[in-house]
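# Working through the structure, step by step
The primary structure of each chain is shown beneath.
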Amino acid sequence: MWHYLHRRVAAHYGADPLHLLALIACFALAGYAASRVVVAGVWVGFLIWFVGAAIFHDLVLLPLYAVADVATRSVGRRRPAGGAGRPPWINHVRVPMGLSGLLLLVWFPLILRGSQHEYRKAVGLDTSPYLGHWLLVTGVLFAGSALAYAVRVRRTSRRARRRADLTNQRTRR
Amino acid sequence: MTSENTPAGGRTPRPSRSWRPRVPTLPEDPPPGPFRPEFWRSPIRGPWLTSVLGLILLAGVPIVAITGLLSYAAYNPWLPLNDLTPGKGLLGFYLFDWPTSPPWLYRLTQGTHVILGLTLLPVLLAKLWSVIPKLFAWPPVRSAAQALERASLLLLVGGAVFEFVTGILNIQLFYVFPFSFYPAHLYGAWIFLGALAVHVALKMPRVVSTLRTRGLRDLRTDLADTRPEPPDTSGLVSPDPAPPTISRRGLLAFAGGGALAIFALSVGQSIDGWLRRTALLAPHGRAYGTGPNDFQINKTAASVGVVAAQTGAAWRLEVMGPRPVRLSRADLLAMPLYTYALPIACVEGWSTQRDWTGVRLADLARLAGAAPGHTQVVVRSLQRGGVFSRVTLSATQVADPRSLLALRVGGADLSLDHGYPARIIVPNAPGVHNTKWVRMLEFSPETA
């Protein structure tokens, strides 16, 4: 009997009945939390920010950085590695740009001085140094990445030279 | 998604065998763009990458959640005036009276909550990137089970981003959200955690089987040897993968590098000494100077309407209890003074330890005829408005010998911005409970 019921539910529902139970529990908790939001009298703003958070990430932020990445890579295709045997440089641009963008994404209210008014009132200081801090960190990231690339290029060319020497020796023998 | 794109075969209604929630006008074939699997070309997307990112989040998010709930308990919300989420119902529970020992506990838990939360953001972004093709799965709904699960994913993704965004904006004092932070962040957390628990339960078998078959060899695989994961039913592996430009371990290192950058540039705001200067991108890593009063301020006197005229020679402390007394600052300085090194730790994650000198709250309770140990106190500030212009401290907090009405810090008189003429300092209490510019202490028998 139980077995039969289990199979019927699974066939109609599309998954194990436990799946249904877990999701019902999830929605019950969310519904209860939502009722608390209503009691707090902030449900309209909460709902807009909650759904807006998902939309902002999935349909704004992610496409934006994906397009930026595609653009960087297309530059890479037009300007492939400078000389024969040069290692690909794409990640030496991608990584510092990504990290710098990440820091801006987190700290933009300080860097772009959006929170200047409240910050000044609370902390007693100005938000003006943060733009400089962010630019400094960005500069260090790009410089470090360029240095790492230079080291890689040297190592690759040295390896190529050694290989060439080795072939020369062999041909001489 | 318009019907113009409908291919010829899509319009014929198919006989339905069981319950089909599919909107009849949706074509069988996906419209061009992200709804087509071949739109997604990353060769490194797949169940292995998603599983590893998921496991990292699974290690970190519970710590952020638990420290967050501890912060809720740290406010002792069962005492009158302290509860910032009065409509919480079952969602705000506290199993214990917040202790005063060890005095650095809240410094540690709340610093962890904020800094670890920030540090996990790049991992969350990488995780969401790794599963984005699933958002555009076609047809959008295949069964009732899948429809419900997708709805729960809205709660999961919306909840995660909502919690990170509100937290990150709040610590920067960027109050652009149209609600009070406390209830929104608490209730949003419950929605997120419920959806997360179900998501983990549903996906864990796949994570385990993926890691069992594929192991961790991708952590040693460089770009030259990076291959797409074998085609499967997860909907993550691209059917038309582009040549790889980064390895899987490269992507993990990228996300880890982002985490490290955020961590290294913000953790200094929870540490004293020269390390504080490393917090270049954190709201409270700033240097004020070298004097005893030159440390982080969280509300200036000017911002809450406290002016020097109120705090001058005419200032009196009202101590209410069975034997009410009024005390001038000179009266307080004539009482036995004690000095303790105690941290002040803010809900926004920053903290600093200072040497505070003042009168024990327990001595003031005795002076007003109340018995420490069974006595709580309502502290009222000169500050105008704000939820923290008054607060209730528990009997445990009043009785602790290190709980002070502080008059000096680092050997100097408190500055106006640090609460002159007198402020509360209680070991292990959240910073906002260390009320500044105290004007009244009302001792009364403990209510709970």
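How each quantity is defined
Residues numbered from 1 in each chain as written. Chains lettered and ligands numbered in written order. Predicted model: local features only at pLDDT ≥ 70, side-chain atom pairs only at ≥ 80, totals over all residues. Heavy atoms only, no water. Helix = DSSP H or I, 4+ residues; strand = E, 2+ residues; numbered from the N terminus. Rg over C-alpha atoms; globule rule 2.2 N^0.38 Å. Buried < 20%, exposed > 50% of the residue type's maximum accessible area, 1.4 Å probe, protein only. Contact = heavy atoms within 4.5 Å. Areas by Shrake-Rupley, 256 points an atom, 1.4 Å probe, with all protein chains shown as cover. Lys, Arg positive; Asp, Glu negative; His and termini not counted. Charge placed at Lys NZ, Arg CZ, Asp CG, Glu CD. Salt bridge = Lys/Arg side-chain N within 4 Å of Asp/Glu carboxyl O. Domains from an automatic or database assignment. Buried area = accessible area lost by both parts, 1.4 Å probe. Polar contact = N/O pair within 3.5 Å; in protein donor to acceptor, adjacent residues only side chain to side chain. Nonpolar A, V, L, I, M, F, W, Y, C, P; charged D, E, K, R; others polar.

Below, the discussion takes up the overall build of chain A. For chain A, the count of helices and strands is six helices and zero strands. When the elements of chain A are put in sequence order from the N terminus, they spell out α-α-α-α-α-α. By the compact-globule yardstick of 16 Å for 173 residues, chain A is too spread out, its C-alpha radius of gyration being 28 Å. Dimensions of chain A along its principal axes, counting C-alpha atoms only, are 85 × 65 × 25 Å. Out of the 173 residues in chain A, the part that is buried amounts to 31%. In chain A, 41% of the contacts between residues at least 6 apart in sequence involve partners at least 24 apart. Looking at chain A as shown, the accessible area adds up to about 10,700 Å², and 68% of this sits on carbon and sulfur atoms. Averaged over its 23 positive side-chain charges, chain A has a centre that lies 17 Å from the centre of its 6 negative ones.

Moving on, we come to the pattern of salt bridges. Counting across every chain of the model gives 20 salt bridges over all chains. Its salt-bridge partner being R120 of chain A, residue D126 of chain A comes within 3.3 Å of it at the nearest N-O pair. Classification of R120 of chain A by relative accessible area gives partly exposed; the value is 41%. Of the charged contacts, one joins D232 of chain B and R206 of chain B as a salt bridge, the two residues approaching to 3.8 Å between their closest N and O atoms. Taken together, the positions of D232 of chain B in the loop between α4 (181-214) and α5 (248-264) and R206 of chain B in helix α4 put the pair 26 residues apart, joining distant regions of the chain. With a relative accessible area of 35%, D232 of chain B lands in the partly exposed category. Each of R214, D218, E229 and R248 of chain B takes part in salt bridges that share partners, so that together they form one network.

What follows concerns the domain arrangement of chain B. All names here are of chain B. When cut into domains, chain B gives domain 1 (33-264) and domain 2 (302-445). The partner domain 2 presents 30 residues to the 29 residues of domain 1 that form the contact. Considering only the side of domain 1, the residues that lose the most area to domain 2 are L81, T100 and R107, jointly responsible for 29% of the buried surface there. In this assembly, domain 1 and domain 2 are joined by 13 residue pairs in polar contact (both at pLDDT 80 or more). Secondary structure elements with two or more residues in the side of domain 1 that touches domain 2: α1 (47-74), α2 (105-130) and α3 (144-171). At six residues, α2 tops the list of elements feeding residues into the side of domain 1 that touches domain 2. A per-class count over the side of domain 1 that touches domain 2 returns 19 nonpolar, eight polar and two charged.

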